[in-house]
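So the chains spell out like this:
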Amino acid sequence: MQRNNVQEKKTSGSVDAEVATEGQESGGVTAVKRALQLLEAFGMQDQRLSLAELTRRSGQHKTTALRLLRTLAHSGYVVQREDGEWRLGPAAGWLGARYQAAFDVNNVVEPMLRELTQATGESAAFYVREGNIRTCIVRVEGPQPIRHHARMGSALPLDKGSPGRVILAFSGEPGALYEEIRQRGYHFSIGEREEGVATVSAPVFGLNWRLLGSVCISGPADRLPKNKLLRHAKTIIKAANQLSYALAGSSTPQTPKVVSAWHP
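Quantities reported herein were computed from a predicted structural model and do not represent experimental measurements. Counting of residues starts from 1 at the beginning of each chain's written sequence and follows it residue by residue. Reporting of local features is limited, given that this is a predicted model, to residues whose pLDDT is at least 70; pairs of side-chain atoms are given and counted only at 80 or more, and all residues count toward the totals for whole chains, interfaces and linings. Hydrogens and waters are ignored; side-chain quantities use all the structure's heavy atoms.

How should the side chain of Arg139 be read in this particular structure?
Within the fold, Arg139 resides in strand β4 (residues 133–140). Within polar-contact distance, the side chain of Arg139 engages the side chain of Glu141 at 3.1 Å. A run of H or I in DSSP becomes a helix once it reaches four residues, and a run of E becomes a strand once it reaches two; helices and strands are each numbered from the N terminus. Polar contact is the term for a pair of N or O atoms within 3.5 Å; when the atoms are in protein, one must be able to donate a hydrogen and the other to accept it, and sequence-neighboring residues count only if both atoms are side-chain atoms.

Mind showing me how you'd approach the packing of aromatic side chains here?
Within a pair of aromatic rings, the relevant descriptors are the distance that separates the centres and the angle that separates the planes. Each pair of aromatic rings taken from Phe, Tyr and Trp, with Trp reduced to its six-membered ring, is defined by centres within 6.5 Å and is described as stacked if the planes are under 30 degrees apart, edge-to-face if over 60, and tilted in the remaining cases. For the structure shown, the criterion picks out three aromatic pairs. Judged by centre distance (6.2 Å) and plane angle (45°), the ring pair of Phe205 and Trp209 falls under tilted. With respect to burial, Phe205 and Trp209 carry one shared label: buried. Ring centres of Trp209 and Tyr245 lie 5.2 Å apart, and the angle between their planes is 75°; this geometry places the pair in the edge-to-face category. Of this pair, Trp209 sits in the loop between β7 (197–205) and β8 (211–220) while Tyr245 is found in helix α9 (residues 226–248), placing the two residues 36 residues apart along the sequence. Each residue is assigned to one of three classes by its accessible area relative to the maximum for its type, calculated with a 1.4 Å probe on protein chains only: buried under 20%, partly exposed between the two thresholds, exposed over 50%. Given a relative accessible area of 6%, Trp209 falls into the buried group. With a relative accessible area of 29%, Tyr245 lands in the partly exposed category.

Help me understand the side chain of Ser214 in this model?
Examined against the element boundaries, Ser214 turns out to sit in strand β8. Of the polar contacts made by the side chain of Ser214, one reaches the backbone oxygen of Pro163; its length is 3.0 Å. Any two residues whose heavy atoms approach within 4.5 Å at even a single point are treated as in contact. Filtering out sequence-adjacent residues up to four positions away, Ser214 remains in contact with Ala125, Phe126, Tyr127, Pro163, Val166, Ile167, Ala202, Pro203 and Val204.

Is there a simple way to explain the state of the cysteines in this structure?
Chemically, a disulfide is nothing more than a covalent bond linking the sulfur atoms of two cysteines. Cysteine sulfur atoms are paired as a disulfide whenever they fall within 2.5 Å. In total, this model carries zero disulfides according to the counting rule given. You can see Cys136 has no disulfide; the closest cysteine sulfur is in Cys216, sitting 7.5 Å from it.

Any chance you could explain the packing of helix α7 (residues 162–169) against helix α8 (residues 176–184) here in plain terms?
Geometrically, a packed helix pair is captured by the angle between its two axes and the distance between the axes. Where helices are involved, their axes are fitted lines through C-alpha atoms of the stretch in contact, as for all axes, and angles between N-to-C directions lie from 0 to 180°. Here α7 crosses α8 at 90°, and the two axes come no closer than 9 Å. With respect to α8, the axis of α7 lies roughly perpendicular. Every residue of α8 that contacts α7 at Arg165, Val166, Leu168 and Ala169 is listed here: Leu177, Tyr178, Ile181 and Arg182. Among the residues making up the contact of α7 with α8, the classes are represented as six nonpolar, no polar and two charged. For classification purposes, angles smaller than 35 degrees are called roughly parallel, those larger than 145 roughly antiparallel, those between 65 and 115 roughly perpendicular, and all remaining angles oblique. Residues are sorted three ways: Asp, Glu, Lys and Arg are charged, Ala, Val, Leu, Ile, Met, Phe, Trp, Tyr, Cys and Pro are nonpolar, and all the rest, Gly among them, are polar.

So this is what it looks like as structure tokens:
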């Protein structure tokens, strides 16, 4: 009996020490961060997870994870099943639904395009697929006095110009060119759709890591020769990746391998 009491005191002491350090980490409230890590541990295909799996994925101590899960359960963000495993609760679903209802993709895309324009000095645009065509839905003009103009809403071909080629590639279009685009994560074109116009583009993914469209910069070909387009490609990929994570969330098993990759 005395031995058990000693063991309980040791366990309690280690937990108390861990709790005491929770408020000492910089960059926010640690308990909140850890609670969010537990919620983020659930993947798209996970209907339920054991406590052991949740602690493994979150990297937390079992007692800490259990305490946070019980707190989350009080507000309906997780539910413990009869077999002891955990699943996301209705509050998590309502939170996602409210986010989707209030979300406007343009509020995320346009600021990113403005940053891209400032970084490259060229006009930036975001294209989506509509059947067998692509349409520019957001565009930010570059600061240069001579620049390429593309009308928003215009129906453009998918198989001419880098924005359309990227959309085709990440839609699964067969062929050596499209496989090459998928492997390197971007594509550039010079005078393919419109003479004297050069573009470089990268894919953008949305909810569940499904292809949403492509982001590109464009300008006169004499100002954007091949070597300059290749230098800008890294910037385009970075912007497209940031936008994808903003729209799709953290990495999941469905996240395409090209995201966050750079192949010069």
